[in-house]
Amino acid sequence: YNPVKLLAIIPSDFLIEHALLLSRTGRHTELLDIYVSKLNDKRLAEEYCDEVWKRNRVKKYGLREDLPFAEETSVQTENAKNGSDDADIYLYLIKAYLLRAERESNVGMGITELVSILDRFYDRVNPLKVLAILPEDMPLTMLNRFFSSSIRFHKSQLRQSQIVHNLCRADFVNVKCELLQLQSNASCMPELLANSFSDLGTLKRSSRPFEISDGSTDLSVACIKHLIGSHIVLQFNITSRHKQGSVRMVRLKVFCESNDVNVVSVEAERTLQTLHPGGTGNCYTILSRGQSSGTSASISCELRYGIISLQGGSRNKEFEEEFPLEDVEIG
């Protein structure tokens, strides 16, 4: 039903019915005037304010479970039309008492109710907005209790917010670390699942990454050993140490030579064609295990790459570099 149309039909002396319909339209001022001035029912007025305030709190996190979507949407829409704000519902209640006091020429009653509301609901009103609606001749000393309680409450809220903020930051750091770990685990074999490596067999185990470069080169190289079927796949994670300066196009290729071909031999290689400054890429070398597969062997590795410096939009001379890396033990 349309509450606005019903308000125009129902007789004005049906106060409870009018209050119910006004609550559906969010017209807080008119509704509270009925409860405070016409019905003189403090309990109904405060129960209504409590319900509206709690509904406003819940709206920040989602719709109420006991309020249909259409009904809540209707109330929010009417509130927007009427310019009312559910967060200031207790200010509307104070205004209703001040309006009644003005009508009855009983300023003392209005101030007494104002102080009572503020003392009991200090955590539900904005102190700055309270100052804006106070009677001009009201001594602020009457609100000492309210201001003291409000300051303590907001300080407590600030401390709680800071604690929550720090906890969220700690959770963020933990989640980020877990994400990096998962990404590291997932990137251990980013290309081994491709069709070109699908015939190697089932992955049996993988080693942890270990550094095989000495830090004197422009590139950092870490190696991961994968045992896939009857093959050993060496994955080389290569990171450029260049963070600034001219753009360098880097070509990398890894050569592996075994001291004992009966143990392992190079079957295939995959090179990294391009590596941008500060970037990371992968090279792979596939080793086939020989007849003496149970014997350990030492694999010597050498890093070869070219650096192309691009400056001013022109391509400069390419510089070839070769650096020996630490040996890789194959068991």
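Above this note sits the structure.
Parameters at a glance
- Residues numbered from 1 in each chain as written.
- Predicted model: local features only at pLDDT ≥ 70, side-chain atom pairs only at ≥ 80, totals over all residues.
- Heavy atoms only, no water.
- Core = buried A, V, L, I, M, F, W, Y, C linked by side-chain atoms within 4.5 Å.
- Buried < 20%, exposed > 50% of the residue type's maximum accessible area, 1.4 Å probe, protein only.
- Helix = DSSP H or I, 4+ residues; strand = E, 2+ residues; numbered from the N terminus.
- Contact = heavy atoms within 4.5 Å.
- Pairing = 2+ DSSP bridges.
- Patch = residues over 30% accessible without salt bridge, like charges linked within 9 Å, V, L, I, M, F, W, Y side chains within 5 Å.
- Areas by Shrake-Rupley, 256 points an atom, 1.4 Å probe, with all protein chains shown as cover.
- Salt bridge = Lys/Arg side-chain N within 4 Å of Asp/Glu carboxyl O.
- Axes fitted to C-alpha atoms, helices over the stretch in contact; angles between N-to-C directions.
- Parallel < 35°, antiparallel > 145°, perpendicular 65-115°, else oblique.
- Left-handed = near helix turned anticlockwise from the far one by under 90°.
- Nonpolar A, V, L, I, M, F, W, Y, C, P; charged D, E, K, R; others polar.
- Phe/Tyr/Trp six-rings, centres within 6.5 Å; stacked < 30°, edge-to-face > 60°.
- Lys NZ or Arg CZ within 6 Å of the ring centre and 35° of its normal.

**A few points about the nonpolar core**
Where a protein is soluble and globular, its nonpolar side chains tend to be buried together. The biggest cluster of nonpolar side chains holds 38 residues, and the ones touching the most others in it are L32, I89, Y90, L93 and L114. Those elements that provide at least two residues to this core are helix 2 (15–25), helix 3 (28–38), helix 4 (42–59), helix 6 (89–103), helix 7 (107–120) and helix 8 (127–133). Here this core takes ten residues from helix 6, the largest share from any one element. Beyond its immediate sequence surroundings of up to four residues, L32 is in contact with S37, A45, Y48, C49, I89, Y92, L93 and A96. Core analysis: the next-biggest nonpolar cluster, separate from the first, contains 22 residues, I212, L272, L287 and L303 among them.

**Considerations on the pairing of strand 7 (residues 280–289)**
Sheet faces and side chains relate simply in a regular strand, where the side chains alternate between the two faces. With eight of ten residues buried, strand 7 lies mostly within the body of the structure. In the sheet, strand 4 (residues 231–240) pairs with strand 7 via nine bridges, with the strands oriented antiparallel. When the sheet's bridge partners are listed, H231 is paired in strand 7 with S288. The pairing of strand 6 (residues 264–270) with strand 7 spans six bridges and is antiparallel. For R270, the partnering residue across the bridge sits in strand 7 and is Y284.

**Focus on a nonpolar patch on the surface**
Among the surface-exposed residues, L128, L131 and L140 lie close enough to one another that they form a single nonpolar patch of about 310 Å² accessible area. Summarising the element assignment, L140 is placed in the loop between helix 8 and helix 9 (144–186). A relative accessible area of 47% means that L140 is categorised as partly exposed.

**Observations concerning unusual backbone geometry**
With a phi close to 50°, N40 is a non-glycine residue in the positive phi region. Even without glycine at this site, S105 takes up a positive phi of about 50°. Tracing the backbone shows S105 in the loop between helix 6 and helix 7.

**Looking at the packing of helix 6 against helix 7**
As a packed pair, helix 6 and helix 7 sit with axes 7 Å apart at the nearest point and diverge in direction by 165°. With respect to their mutual orientation, helix 6 and helix 7 come out roughly antiparallel. In this structure, the crossing between helix 6 and helix 7 has a hand that is right-handed. Across the interface between the two elements, Y90, L93, I94, Y97, L98, R100 and A101 from helix 6 touch V107, M109, G110, E113, L114, I117 and L118 from helix 7. Counted by class, the contact of helix 6 with helix 7 contains eleven nonpolar, one polar and two charged residues.

**Details of the environment of G110**
For G110, the location among the structural elements is in helix 7. Since its relative accessible area comes to 0%, G110 is described here as buried. In sequence terms G110 and L99 are eleven residues apart; their C-alpha atoms lie 8.0 Å from each other. With residues near it in sequence (within four places) discarded, G110 still touches Y97, L98 and A101.

**Section: the packing of aromatic side chains**
Scanning all chains against the criterion turns up three aromatic pairs. Ring centres of F146 and F147 lie 5.1 Å apart, and the angle between their planes is 55°; on these two criteria the pair is classed as tilted. Between the NZ or CZ atom of K95 and the centre of the ring of Y92, over which it lies, the distance is 5.6 Å. The aromatic ring of W53 is capped on one face by R124, whose charged end is 4.1 Å from the ring centroid.

**Topic: the pattern of salt bridges**
Should the charged atoms of two oppositely charged side chains come close, the side chains can pair. For the structure on display, the rule yields twelve salt bridges. A salt bridge links D33 to R103, with the shortest nitrogen-to-oxygen separation between them at 2.9 Å. Taken together, the residues span a long stretch of sequence, with D33 in helix 3 and R103 in helix 6 at a distance of 70 residues. Judged by relative accessible area, which is 12%, D33 ranks as buried. Residue R103 is classed as partly exposed on the basis of its relative accessible area, which comes to 49%. As a salt-bridge pair, E322 and R304 come within 3.9 Å of each other at their nearest N and O atoms.

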